[in-house]
There are 2 protein chains.
Amino acid sequence: MCGIVGVVGNSETTDILLNGLEKLEYRGYDSAGIYVNNQKGQDFLIKEVGKISELEKAVTPDVQGLTGIGHTRWATHGPATIDNAHPHFSADHRFYLVHNGVITNYNELKEEYLKDVDFKSQTDTEVAVQLISHFANEGMNGEAAFRKALGLIEGSYAFAMVDKEEADKIFVAKSKSPLLIGLGDGFNVICSDAMAMLDRTHEFVEIHDGEVVILEKNKVSISKIDGTPVERGSYTVNIDASDISKGPYAHYMLKEVDEQPSVMRRISKNYIREDGSINVDPEMLKEINKADRLYIVAAGTSYHAGLVGKNIFETLADVPVDVELGSEFGYHMPKLSQHPFFIFLSQSGETADSRQVLVKINEMNLPSLTMTNVANSTLSRESNYTMELLAGPEIAVASTKSYTSQIAVEAVLAKALGELKGVQAAKDLDLKEQLAIAANGIQTIVDEKDYIKQLSADYLDGQDHAFYIGRGIDYALSLEAALKLKEISYIHAEGFAAGELKHGTIALIEKGTPVFAYINDGVGASHTRGNIQEVEARGAHVLVIANEKYAKPGDQIIIPEIDEMISPIVSVVPAQLFSYYASLARGNDVDKPRNLAKSVTVE
Amino acid sequence: MCGIVGVVGNSETTDILLNGLEKLEYRGYDSAGIYVNNQKGQDFLIKEVGKISELEKAVTPDVQGLTGIGHTRWATHGPATIDNAHPHFSADHRFYLVHNGVITNYNELKEEYLKDVDFKSQTDTEVAVQLISHFANEGMNGEAAFRKALGLIEGSYAFAMVDKEEADKIFVAKSKSPLLIGLGDGFNVICSDAMAMLDRTHEFVEIHDGEVVILEKNKVSISKIDGTPVERGSYTVNIDASDISKGPYAHYMLKEVDEQPSVMRRISKNYIREDGSINVDPEMLKEINKADRLYIVAAGTSYHAGLVGKNIFETLADVPVDVELGSEFGYHMPKLSQHPFFIFLSQSGETADSRQVLVKINEMNLPSLTMTNVANSTLSRESNYTMELLAGPEIAVASTKSYTSQIAVEAVLAKALGELKGVQAAKDLDLKEQLAIAANGIQTIVDEKDYIKQLSADYLDGQDHAFYIGRGIDYALSLEAALKLKEISYIHAEGFAAGELKHGTIALIEKGTPVFAYINDGVGASHTRGNIQEVEARGAHVLVIANEKYAKPGDQIIIPEIDEMISPIVSVVPAQLFSYYASLARGNDVDKPRNLAKSVTVE
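Just so it is clear, the model here is predicted, and its values are computed rather than measured.

Q: Could you clarify how one ought to interpret the overall build of chain A in this entry?
A: Within chain A, the secondary structure is distributed over 19 helices and 25 strands. The C-alpha atoms of chain A give a radius of gyration of 25 Å, which matches the 25 Å a tight globule of 603 residues would have. With the C-alpha coordinates aligned to their principal axes, the bounding extent of chain A is approximately 80 × 55 × 45 Å. Out of the 603 residues in chain A, the part that is buried amounts to 65%. Across chain A, every contact between residues at least 6 apart in sequence was considered, and the portion connecting residues at least 24 apart equals 72%. Each charge class in chain A was averaged separately, 56 positive and 86 negative side chains, and the resulting centres sit 1 Å apart.

Q: Can you help me understand the relation of the copies chain B and chain A in this one?
A: Both copies of the chain are tied together by a single rotation about an axis and a shift running along it. For the pair chain B and chain A, the superposition axis carries a translation of 0.0 Å, the fit reaches an RMSD of 0.1 Å, and the rotation angle comes to 180°. Given the turn and translation reported, the copies of this chain are related as if by a two-fold rotation axis. Rotation axis and chain B: the residue whose C-alpha lies nearest the axis is His 492 of chain B, separated from it by 3.9 Å. Mapped onto chain A, 100% of the interface residues of chain B again fall at the interface, so both copies present the same surface.

Q: Before we go on, may I ask you to explain the UniProt feature "active site" (unreviewed entry) in chain A in this structure?
A: Residue and element names in this part refer to chain A. Per the UniProt entry, the sites bearing "active site" (unreviewed entry) are Cys 2 and Lys 598 in this numbering. A stretch of 597 residues holds the annotated residues, and the largest C-alpha distance among them is 9.6 Å, short enough that they meet in one place. By relative accessible area, which is 6% here, Cys 2 ends up buried. In contact with Cys 2, other than residues within four places in its own chain, are Arg 27, His 71, Thr 72, Arg 73, Trp 74, His 99, Asn 100 and Ser 192. Discounting residues that sit within four places of it in the chain, Lys 598 has contacts with Tyr 26, Arg 27, Gln 347, Glu 394, Ile 395, Ala 396, Val 397 and Ser 399.

Q: Can you walk me through the UniProt feature "domain: Glutamine amidotransferase type-2" (unreviewed entry) in chain A in this structure?
A: The UniProt record annotates "domain: Glutamine amidotransferase type-2" (unreviewed entry) at residues 2–218 of chain A. Structurally, residues 2–218 of chain A is divided into 24% helix and 30% strand, and its ends, taken at the C-alpha atoms, are 27 Å apart.

Q: Would you mind showing me how to read the domain arrangement of chain A here?
A: Accessible area lost upon the coming together of the parts is a frequently used measure of interface size. Residue and element names in this part refer to chain A. When cut into domains, chain A gives domain 1 (3–238) and domain 2 (256–585). Here the C-alpha centroids of domain 1 and domain 2 sit 37 Å apart. Contact residues are listed per partner, giving 10 residues for domain 1 and 8 residues for domain 2. Buried area between domain 1 and domain 2, summed over both chains or domains, comes out near 880 Å², and the portion from carbon and sulfur atoms is 52%. The largest contributions to the domain 1 side of the interface with domain 2 come from Tyr 26, Met 195 and Glu 206, which together make up 38% of the buried area. At the boundary of domain 1 and domain 2, one finds 2 salt bridges. Linking Arg 355 and Asp 209 is a salt bridge whose minimum nitrogen-to-oxygen distance equals 2.5 Å.

Q: Just to check I follow, could you spell out the sheet that holds strand β14 (residues 229–230) of chain A for this structure?
A: The strands making up a sheet associate through backbone hydrogen bonding, with each pair oriented either parallel or antiparallel. Residues and elements named next belong to chain A. If you walk across this open sheet you meet the 7 strands as β5-β6-β7-β8-β12-β13-β14, and the pairing is antiparallel. Whereas interior strands pair on both sides, the edge strands pair on one side only; in this sheet they are β5 (88–89) and β14. Helix α4 (residues 124–137) rests against β5, β6 (95–100) and β7 (157–163) of the sheet, and its axis sits at about 145° to β6. On the sheet, helix α5 (residues 142–152) packs against β6, β7, β8 (170–175), β12 (211–216) and β13 (219–224) and is oriented at approximately 160° with respect to β7.

Q: When you look at the interface of chain B and chain A in this model, what are you seeing that I'm missing?
A: In this complex, chain B contributes 70 residues to the contact, which on the side of chain A involves 70 residues. Summed over both partners, the interface of chain B with chain A buries about 5,800 Å², with 53% contributed by carbon and sulfur atoms. When the area that chain B buries against chain A is broken down by residue, the three leading residues are Lys 335, His 492 and His 503 of chain B, summing to 11%. Glu 510 of chain A is the salt-bridge partner of Arg 594 of chain B, the closest N and O atoms lying 3.2 Å from each other. If you look at where chain B meets chain A, you find 42 residue pairs in polar contact (both at pLDDT 80 or more).

Q: Would you mind going over the sheet that holds strand β2 (residues 31–37) of chain B with me for this structure?
A: Residue and element names in this part refer to chain B. Taken together, 8 strands build an open sheet; the order of strands is β3-β2-β4-β1-β10-β9-β11-β15 and the sheet is antiparallel. What marks the edges here is a single partner per strand, and that holds for β3 (43–49) and β15 (235–236). Sheet topology places strand β11 (residues 203–206) next to β15; 2 bridges connect them, and they run antiparallel. Bridged to Glu 203 within β15 is Thr 236. Against the sheet, helix α1 (residues 13–23) touches β1 (3–8), β2 and β4 (67–73), its axis set at about 160° to β2.

Q: Would you mind going over the side chain of Thr 513 of chain A with me for this structure?
A: Residues and elements named next belong to chain A. Following the sequence through the fold, Thr 513 ends up in the loop between β22 (492–497) and β23 (514–519). Looking at Thr 513, the relative accessible area reads 5%, which means it is buried. Only 2.9 Å separates the side chain of Thr 513 from the backbone nitrogen of Glu 510, close enough to count as a polar contact. What Thr 513 contacts, discounting residues up to four positions off in sequence, is Gln 463, His 465, Phe 467, Leu 508, Gly 539, Ala 540 and His 541.

Q: Which parts of the structure should I look at to understand α5 of chain A?
A: Since the α-helix packs 3.6 residues into each turn, any two residues three or four apart lie on the same face. Residues and elements named next belong to chain A. Buried within α5 are the following residues: Gly 142, Ala 145, Phe 146, Arg 147, Ala 149 and Leu 150. Buried-residue contacts for α5 involve β6, α4, β7, β8, β12 and β13. A side-chain oxygen of the first residue of α5 lies 3.3 Å from the backbone nitrogen of Glu 143; this N-cap is Asn 141.

Q: Just to check I follow, could you spell out the pairing of strand β1 (residues 3–8) of chain A for this structure?
A: Strand residues, when the strand is regular, have side chains that alternate between the two faces of the sheet. Residues and elements named next belong to chain A. Within β1, 6 of the 6 residues are buried, leaving the element largely enclosed by the surrounding structure. Neither face of β1 is open: one carries Gly 3, Val 5 and Val 7, the other Ile 4, Gly 6 and Val 8, and all of them are buried. Examined bridge by bridge, β1 and strand β4 (residues 67–73) share 6 bridges and lie antiparallel to one another. Each residue of the ladder has a partner; that of Val 5, found in β4, is Gly 70. Alignment of β1 against strand β10 (residues 188–191), held across 4 bridges, turns out to be antiparallel. From the neighbouring strand, Val 5 faces β10, where its bridge partner is Cys 191.

Q: Teacher, can you tell me more about the pairing of strand β24 (residues 541–547) of chain B here?
A: Residue and element names in this part refer to chain B. For β24, a buried count of 6 out of 7 residues is recorded, marking the element as mostly surrounded by other parts of the structure. Across 6 bridges, the pairing between strand β23 (residues 514–519) and β24 is parallel. Bridged to Val 515 within β24 is Val 542. Considered for its hand, the β-α-β crossover made up of β23, helix α18 (residues 525–537) and β24 is right-handed.

Q: I would appreciate a short explanation of the packing of aromatic side chains in the present structure.
A: Any two aromatic rings considered together are summarised by their centre-to-centre distance and by the angle between their planes. Residues and elements named next belong to chain B. The full count for this structure, using the stated rule, is 28 aromatic pairs over all chains. When the centroid spacing of 5.8 Å and the interplanar angle of 40° are considered together, the rings of Phe 89 and Tyr 96 count as tilted. Each of the two residues, Phe 89 as well as Tyr 96, counts as buried. On the basis of an interplanar angle of 20° and a centroid distance of 4.7 Å, the ring pair of Tyr 468 and Phe 516 is categorised as stacked.

Q: Would you mind showing me how to read the confidence of the model for chain A here?
A: Predicted coordinates in regions of low pLDDT should not be interpreted in detail. Mean pLDDT over chain A stands at 94; residues scoring 70 or higher make up 99%. Scored as a whole, the predicted complex attains pTM 0.83, and scored at its interfaces, ipTM 0.81.

Q: Got a minute to help me understand helix α15 (residues 431–446) of chain A in this structure?
A: All names here are of chain A. Compared with the 22 Å implied by 1.5 Å per residue over 16 residues, the 22 Å span of α15 between its first and last C-alpha is a close match. Burial in α15 covers these residues: Leu 431, Gln 434, Leu 435, Ala 438, Ala 439, Gly 441, Ile 442, Ile 445 and Val 446. One side of α15 holds all its buried residues, which, seen down the axis, span an arc of 165°. For α15, the secondary structure elements touched by its buried residues are α6 (252–258), α7 (260–271), α13 (401–421), α16 (449–460), β25 (557–559) and α19 (568–585).

Definitions and limits used
Residues numbered from 1 in each chain as written. Chains lettered and ligands numbered in written order. Predicted model: local features only at pLDDT ≥ 70, side-chain atom pairs only at ≥ 80, totals over all residues. Heavy atoms only, no water. Helix = DSSP H or I, 4+ residues; strand = E, 2+ residues; numbered from the N terminus. Rg over C-alpha atoms; globule rule 2.2 N^0.38 Å. Buried < 20%, exposed > 50% of the residue type's maximum accessible area, 1.4 Å probe, protein only. Contact = heavy atoms within 4.5 Å. Lys, Arg positive; Asp, Glu negative; His and termini not counted. Charge placed at Lys NZ, Arg CZ, Asp CG, Glu CD. Least-squares fit on C-alpha atoms with pLDDT ≥ 70 in both. UniProt positions renumbered as here; feature names shortened; annotations may be inferred. Domains from an automatic or database assignment. Buried area = accessible area lost by both parts, 1.4 Å probe. Salt bridge = Lys/Arg side-chain N within 4 Å of Asp/Glu carboxyl O. Pairing = 2+ DSSP bridges. Axes fitted to C-alpha atoms, helices over the stretch in contact; angles between N-to-C directions. Polar contact = N/O pair within 3.5 Å; in protein donor to acceptor, adjacent residues only side chain to side chain. Right-handed = clockwise from strand over helix to strand, strands pointing away. Phe/Tyr/Trp six-rings, centres within 6.5 Å; stacked < 30°, edge-to-face > 60°. pLDDT = per-residue confidence, 0-100. Expected span 1.5 Å × (residues − 1). Arc of directions from axis to C-beta.

This is how it looks when you write it as structure tokens:
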């Protein structure tokens with residue numbers, strides 16, 4: 001996580017940095033800071049603990065310049081303090097550095113080169129900037145010292161550095177962590193995510209791992225660490241800056257929940273032709289069709305969308321599926337099948353835990369597809385194929401429309417693959433119709449916000465624990481529903497297989513414990529009703545979310561009839577809203593919950 | 001859950017029932033009751049809410065007879081009240097019935113046959129006894145009415161019934177729920193588990209699903225529901241009644257934790273020959289060797305032992321493994337491999353969620369093995385092969401030595417299979433030595449109880465939430481460690497993949513939140529250290545349990561060096577003890593935590 005911005009050659013440097021950091025706040029907001037240099041010998045360093053608004057308050061009108069770098073932090077080493085905030089600087093105040101990533105050998109580097117240096121912070125980043133200064137003090141120029149340090153540093157990084165002796169340049173490098181160059185008219189910028197600079201430019205240039213960039217007002221020089229020059233063209237990002245505003249909503253999250261019907265329609269329109277046939281890359285389908293097993297790799301909410309996808313692919317495309325956590329899979333790869341195919345799910349396309357898996361499977365020459373919301377993201381670039389989620393920018397840290405769009409896009413691919421293989425279930429599914437039903441189903445629920453807000457208060461006010469239970473497709477869904485509640489309300493929620501609860505965890509149920517039970521899965525419905533009776537017998541306060549087909553009198557929320565396989569697209573929505581209202585009731589920052597960052601770019 | 005006892009022909013009937021129920025209390029203890037008939041027209045019905053000790057207080061000395069049935073309950077329908085406690089009886093007080101299981105069509109039966117009956121309880125069981133009475137009132141004798149009702153009842157059951165008009169008999173039937181006949185000298189008994197009657201007899205007779213038994217003083221008649229007679233011999237249970245006493249320990253759990261070193265030595269002695277070769281059924285090995293994928297099916301703690309086993313089998317036997325929850329797998333069977341082999345893990349061998357899977361895979365003619373602590377249990381009888389855990393009776397509801405013995409027995413099988421296949425890793429592993437190291441390692445930890453008790457107080461006193469984190473083998477272990485804490489301390493603990501925590505759940509970390517981090521996994525060690533820094537930066541109170549190889553100064557618990565694959569055998573022990581002391585400190589009933597039952601014989 002952490003977000004980086006930088007600009008050179010623009011007199012509005014301070015504004016560009018602060019504006020960009022605000023847009024990147026979803027990547028972390030423990031603390032933030034900027035360094036601004038007026039290229040005439042005057043410079044400013046301002047750092048604050050907390051959100052960007054705190055930093056903005058601390059920036060006085062005299063902070064102006066032509067070169068600058070900025071950073072918003074999600075702490076990995078050391079707590080959120082001003083000393084630990086970026087930019088970090090060398091002991092002689094010549095070098096200023098911002099960093100996103102984790103330097104794994106920082107202790108060793110400190111031990112070997114920096115024994116006499118007095119460190120101001122507990123961060124791995126300060127080791128990097130002191131190391132550069134160390135080599136400069138040995139007689140190298142700034143660029144050479146920067147390259148020398150890069151050759152020694154292990155781990156992940158996106159760096160942007162200003163050398164006061166060449167203040168009209170920014171030195172940039174990246175490995176594993178995301179970073180982009182943006183091309184302006186008479187100025188240039190860098191940023192962790194194009195969104196940060198969309199009000200200044202739509203033209204961007206990729207930086208690849210192991211490259212160094214020297215950014216000047218009218219010049220961008222890309223080279224390898226050893227100095228070999230690299231040529232690369234630019235590309236255009238077609239997102240409107242207004243897509244990333246809240247409009248009339250109090251929170252991005254509520255806006256994004258409400259957008260889900262239109263996202264479903266957009267996916268349908270883009271991926272399904274008038275005649276119901278699926279419109280995806282035929283080359284990709286041919287490649288996936290060779291696979292004897294699909295491996296879905298993801299983290300967090302995307303992992304939960306993968307669990308829903310498993311059932312969809314196995315049913316529609318008749319292919320076995322493993323769903324794996326990126327952080328586990330990369331380091332403990334199970335015995336793979338003969339012909340594996342990998343599907344990466346990532347809203348941002350930058351998830352470091354998934355990316356380290358992709359790097360490994362690329363080394364093994366195994367084929368892969370990324371389903372992502374960000375077309376030019378790292379995972380998208382580095383896998384063989386990409387399918388876009390088409391959800392539009394998602395700003396709230398708690399993911400909503402990305403989850404539902406991932407399920408829809410999985411269904412698109414599974415149907416296409418199943419039809420290619422001649423699977424009857426794929427032929428039988430009218431996905432166009434089902435996505436229309438999903439869109440309408442979501443609309444029905446989001447139109448009932450007052451009722452759902454009241455239920456949220458009735459069940460969650462004053463509660464510190466909650467459970468979501470279900471079987472089959474509802475089990476996968478329960479995991480996501482519980483995560484939503486954890487993320488923004490800080491209620492300790494758990495999703496559980498309804499039948500597994502009694503094997504231990506039921507000990508936590510006491511009088512009044514909220515238990516949300518999902519009944520969209522036909523096969524498991526009657527058994528889940530039995531499990532509801534078990535927890536009710538122990539005092540649980542049970543709320544049932546049931547599909548119309550399986551609903552009984554007294555069930556609190558009825559989900560319109562929809563194909564069970566994709567039913568989580570609709571039935572997750574009450575859970576999204578429960579967590580929204582519970583967070584609001586507790587006075588939490590809905591869009592920027594504590595400790596979290598949206599795009600998790602460290603392992 | 002629920003436990004049943006019955007006796008006919010013994011003047012100590014009341015004592016036998018109460019004693020038996022005490023032994024079965026691990027199966028549930030929401031409420032309990034007995035019905036005693038002196039065969040001369042006098043009878044007694046006593047029921048109490050709570051543990052058996054409450055019932056014992058309520059039984060006055062005049063409660064004596066020659067026929068009796070008793071029940072200890074784990075509520076599935078309706079809360080724990082006297083009305084809902086068993087035995088249930090018909091409106092005319094002629095039939096008395098105890099039941100273990102769940103009748104799924106009780107609403108329909110009520111609707112069709114019993115519209116005019118005034119029900120005293122909310123249980124499915126009362127429907128059964130009123131239904132029998134209904135048919136008796138239509139003119140059938142007790143036996144015919146019993147058989148007629150059995151023909152209509154769907155779901156799972158073990159029934160024992162007394163008909164006051166034939167009070168020298170007990171009518172017995174079973175389907176899916178466990179029940180055994182015990183043969184006495186001049187009397188006969190029934191019980192859910194042989195342990196309940198070991199002080200009276202060691203001779204038992206199985207009852208199979210769909211059979212009816214009429215038990216008399218000197219006669220046992222087994223038949224099918226339609227009346228066809230069945231012949232069946234008896235078998236001897238070689239467990240000493242003293243094995244199931246607490247000895248000098250305050251709690252069974254602590255005794256069972258302490259027994260783990262000797263269990264490891266017993267497994268080694270029984271399964272590994274002097275020369276290091278593995279001693280298991282060669283026929284079974286040949287059969288497993290045909291498999292292209294192993295499916296481990298289990299629930300609760302056994303499921304967690306299965307997750308550890310996955311890595312062991314994949315490493316030593318080079319065969320891919322899926323680990324599945326019984327309650328999920330039976331109803332949502334994924335696409336199976338071409339040649340699957342099933343391994344069921346169950347301490348009791350009676351877990352209903354696993355058994356319904358076994359029934360299904362037997363119908364599909366797929367081969368299976370049960371690893372269980374109870375040789376003549378249902379899962380053992382109904383699968384093709386059995387490997388005994390040799391852990392000795394486990395009485396505490398929180399499973400400890402079963403978990404460690406399951407891992408050891410998995411390693412035994414994996415090594416045998418790997419050697420048969422010529423896998424180098426299997427040949428290289430000196431399992432005899434490793435199990436000796438495990439035994440000694442556990443001993444080192446259990447010898448440090450004062451230190452661990454102090455740590456438990458330092459980290460868990462006053463806490464309602466806790467996390468265990470780890471990667472790879474430590475992730476699987478973290479799930480079990482967290483479950484232990486939940487089960488008996490009621491602290492809401494969660495086990496997490498260390499790298500996954502930051503994808504949402506880290507929002508729950510606040511100042512002082514206890515986080516227990518496992519570092520036994522070499523590949524993941526440095527990354528887990530990074531994740532520790534992330535939670536510490538957010539205020540977590542971190543305790544590290546590290547293997548000697550990867551330990552750093554300041555780590556709180558050091559695990560002696562042991563092969564990583566089987567390291568959870570040792571590193572789970574501190575977690576077992578943390579939960580024990582946390583439970584004690586909260587004044588909970590360590591051996592019989594609220595809401596739980598040891599042997600989960602309902603779905």
